[in-house]
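Residue-level listing of the chains:
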Amino acid sequence: MMAAPSSALLDVRDLHVRFATARGEVRAVDGVNLSVAPGETLGLVGESGSGKSVTLRAILRLLRANAAITGEVRWQGENLLALPEKRLRDIRGKDIAVIFQEPMSALNPVISIGRQIDESLVAHTALDAAGRRRRAIELLDLVGIASPEQRLAGFPHEFSGGMRQRAMIAIALAAEPKLLLADEPTTALDVTIQDQILKLLLRLNRELGMGLILVTHDLGVVAETCDRVSVMYAGRVVESGPVDRVFTAPRHAYTDALLRSMPHGGAARAPLRPIPGQPPRLDRAIAGCPFAPRCALVEDRCTVEAPPFAVVAPDQRAACWASDRLAAREGVA
Amino acid sequence: MSKAGLIAARLLQILPTFLLIGVVVFVLARLLPGDPVSAALGDRATDEAVNRLREQMGLDRSILEQFLLFLRSAVQGDFGQSIAFRTPVTTVIAERLPVTLALTGLATLIALALAVPLAFVAAVNANRWPDFLIRGVFQVGLSSPVFYVGLILLTVFAAWFRWFPVGGYGEGFADILWHLLLPSTTLALSFSAVIMRNLRAAILEVLNAEFVDFARAKGLSRRVVMIRHVLRNALISTVTLVGLHAGSLLGGAVITESVFAVPGVGRLMVDSIFARDYPMIQALTLILAVVVSLAFLITDLIQMALDPRVAR
Ligand SMILES: Nc1ncnc2c1ncn2[C@@H]1O[C@H](COP(=O)(O)OP(=O)(O)OP(=O)(O)O)[C@@H](O)[C@H]1O
Ligand SMILES: [Mg+2]
């Protein structure tokens, strides 16, 4: 599954997001590279605050005025970051859809679910009112909401958390996007519902050939569901590659530590046990590798010179001075 | 509960309010200094005439009896004879109330027409020059007394330019509108400042909501996002504010009607107090209280229509 740059559906290059805040500038995303092939599922993992949500929002330029976004987001030959707002609106929701992290606050409390689905259909399809209604019912049914016809008139406060999450997914899927950006679509839900939602997303990914970026804290979920994974740390992608490669043969010390912090026996769905130490502050420039202060494999140059995001194996990249040592250790073990 | 049931419940809740208002009105009227009988007859009336009138007005009975009588006739819509007009109180009020309702209604419309778009512009440009300009101008509006603004408008637009009449009330829709435009604007200015401030803050709050980002993520146009998602949610709190101001708007009408010689119930109230026209004062207070309660009810209904969460 080689994803050459030209065949990529979405190609994010050297993305930077800086927030102007009262305390100064925050470099929330600091040189992110990502790519997703058509129909591919990319897992995006990393500690809380590593910039996963900001990256997703930056792709569709959904951040507020205090955010400065630079870099390139290649989508079908165009740079979304340079596109006029009006053109971008045709892509938002139609080609690329998102599911936000917070199902409780992402739906408008005073507009019915049916209307909130209908809005997307009005914006992106040529269906008439009756056709849109049929499609809305179909969508609610697709995401597993019982008696969808009655539910159309319902309001978010009448929906449980799981149903709101599904409703949000239904809205995102309204125009059959080619790529879905799903930001922790299951974190707010209990385990059984988590499972149903994940299965649903994967089914759509298979049946509709929809590309998927799945943000999650849960490495078990990534192992089960994703083709490729990108690991974020302090606003950067530090390692990316096929899931089976990255998880069995990590080439970045952070990925390695992350995997070691997981309980043994490959217990899926176990929450991450944090690595000792704190991620660096994002309001000042970081010399060298941002993980160096917490790294077990740190060497002198790590704190001075940032390692390049280099190809370390076929289709696997890592930005780590210790990648060779990680590879060597593997050979011994 | 169904919407109709909710409305019925809300209506029932109003009844004890009315009773309480009745008590307050009755007591207040008795607390006013001066004697209504001597006010009606003047100082030189004979004792006999005074006694006859006292009897007629029921003032010779016990307080409790007086109250029950007052309640009974109030329910029947009979508030007695006006001492000043010497006609039934209700006849006078029926003539004057629509004037005040038109005045305050028009003032509300003007206030909203000024405040809503400007609050929107101010919020969207928060802490940039359009925002500072709009807030500055409204701050002046908010801190100017109603009668002062009224006098300025009158001097400029009625006396100098002669675009508007200096006072009175018209006949027919257009004429009435022409007569009421200056007084309504006067009444509307500080009200619109209050609405503007509230709505601006509400819009800023809604702009921070996740569902606004999600609406943008759906590819909706900026107009749809701003109007359907932002403004609509922000207006819910504004509706409450407008409703709660019904009372102070009527209070403002008292001054405005006096400045512009508008023959509404506000001026009638002032005149009646000076004339110690007890029956008129009682009836006016009661009716104005009813009007305010109805305004609250209408506010509730609009809120129910705007916000599905209220109906729980
Ligand atoms: N609007 C903003 N203004 C300033 N800083 C922000 C803003 N939004 C996010 N940040 C900062 O950017 C960094 C990355 O945040 P982000 O939400 O992307 O993390 P995340 O990886 O999604 O974390 P989580 O797993 O907790 O969702 C954080 O340090 C956060 O505080
Ligand atoms: Mg996040």
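Residues numbered from 1 in each chain as written. Chains lettered and ligands numbered in written order. Predicted model: local features only at pLDDT ≥ 70, side-chain atom pairs only at ≥ 80, totals over all residues. Heavy atoms only, no water.

### Some points on the coordination of the magnesium ion (ligand 2)
Residue and element names in this part refer to chain A.
- For the magnesium ion (ligand 2), the protein coordination sphere consists of Ser53 (OG) and Gln101 (OE1), at 1.9 to 2.3 Å. Of the two residues, Ser53 sits in helix 1 (residues 52–59) while Gln101 sits in the loop between strand 6 (96–99) and helix 3 (113–124), which places them 48 residues apart along the sequence.
- Gln101 gets classed as partly exposed once you look at its relative accessible area, which sits at 30%. (Donors = N, O, S within 2.8 Å, 3.2 Å for Na, K, Ca; no water. Helix = DSSP H or I, 4+ residues; strand = E, 2+ residues; numbered from the N terminus. Buried < 20%, exposed > 50% of the residue type's maximum accessible area, 1.4 Å probe, protein only.)

### With respect to the sheet that holds strand 9 (residues 228–233) of chain A
All names here are of chain A.
- The eight strands lie next to each other as 6-7-8-3-9-10-12-11, forming an open sheet whose pairing is mixed. Edge strands, defined here as strands with exactly one partner in the open sheet, are strand 6 and strand 11 (310–313). Pairwise comparison of adjacent strand axes, ignoring direction, gives a mean angle of 20 degrees for this sheet.
- Sheet topology note: the strand 3 (residues 41–45)/strand 9 ladder contains four bridges and is parallel. In the strand pairing of strand 9, Leu44 is matched with Ser230.
- Where helix 10 (residues 253–260) meets the sheet, its contacts fall on strand 9 and strand 10 (236–242), and the angle it forms with strand 9 comes to roughly 100 degrees. (Pairing = 2+ DSSP bridges. Axes fitted to C-alpha atoms, helices over the stretch in contact; angles between N-to-C directions. Contact = heavy atoms within 4.5 Å.)

### Considering the packing of helix 12 (residues 265–274) of chain B against helix 13 (residues 278–306) of chain B
Residues and elements named next belong to chain B.
- Close contact between helix 12 and helix 13 brings their axes to 9 Å; oriented N to C, the two are set at 145 degrees. The chirality of how helix 12 crosses helix 13 is left-handed. Facing Val265, Leu268, Met269, Ser272 and Ile273 of helix 12, the residues of helix 13 in contact are Met280, Ile281, Leu284, Thr285 and Leu288.
- Residue composition of the contact of helix 12 with helix 13, grouped by class: eight nonpolar, two polar and no charged. (Left-handed = near helix turned anticlockwise from the far one by under 90°. Nonpolar A, V, L, I, M, F, W, Y, C, P; charged D, E, K, R; others polar.)

### Digging into the site of ligand 1
All names here are of chain A.
- Every one of the 16 residues lining ligand 1 counts as a neighbour, but Ser48, Gly49, Lys52, Ser53 and Gln101 are closest to it.
- Within the backbone of Ser50, one N or O atom sits 3.3 Å away from an oxygen atom of ligand 1.
- Between an oxygen atom of ligand 1 and a side-chain N or O atom of His217, the distance comes to 3.0 Å.
- For ligand 1, the protein covers 69% of the area, taking 640 Å² as the surface of the free molecule.
- Only strand 1 (10–21) and helix 1 provide two or more residues apiece to the shell around ligand 1.
- The element best represented in the shell around ligand 1 is helix 1, accounting for three residues.
- When grouped by side-chain class, the residues that make up the shell around ligand 1 number four nonpolar, nine polar and three charged. (Near = heavy atom within 4 Å. Polar contact = N/O pair within 3.5 Å; in protein donor to acceptor, adjacent residues only side chain to side chain. Areas by Shrake-Rupley, 256 points an atom, 1.4 Å probe, with all protein chains shown as cover.)

### Brief notes about the sheet that holds strand 1 of chain A
- Strand order in the open sheet formed by four strands is 2-1-4-5 (chain A), with antiparallel pairing between adjacent strands. Looking along the sheet, the strands with just one partner apiece sit at the ends: strand 2 (24–36) and strand 5 (78–79) of chain A.

### What about the UniProt feature "domain: ABC transmembrane type-1" (unreviewed entry) in chain B?
- The UniProt record marks residues 97–299 of chain B with the feature "domain: ABC transmembrane type-1" (unreviewed entry), using the residue numbering of this structure.
- Here residues 97–299 of chain B runs as 84% helix and 0% strand, with 20 Å between its end C-alpha atoms. (UniProt positions renumbered as here; feature names shortened; annotations may be inferred.)

### Focus: the interface of chain B and chain A
- Taken together, the contact pairs 25 residues of chain B with 30 residues of chain A.
- Taken over both partners, the interface formed by chain B and chain A buries close to 2,400 Å², and the fraction arising from carbon and sulfur atoms is 52%.
- At the boundary of chain B with chain A, the tally comes to five salt bridges.
- A salt bridge links Asp213 of chain B to Arg64 of chain A, with the nearest nitrogen and oxygen atoms 2.8 Å apart.
- For the side of chain B that touches chain A, the secondary structure elements donating two or more residues are helix 9 (210–217) and helix 10 (222–244) of chain B.
- It is helix 10 of chain B that provides the largest number of residues to the side of chain B that touches chain A, a total of seven residues.
- Across the side of chain B that touches chain A, the residue classes break down as ten nonpolar, five polar and ten charged. (Buried area = accessible area lost by both parts, 1.4 Å probe. Salt bridge = Lys/Arg side-chain N within 4 Å of Asp/Glu carboxyl O.)

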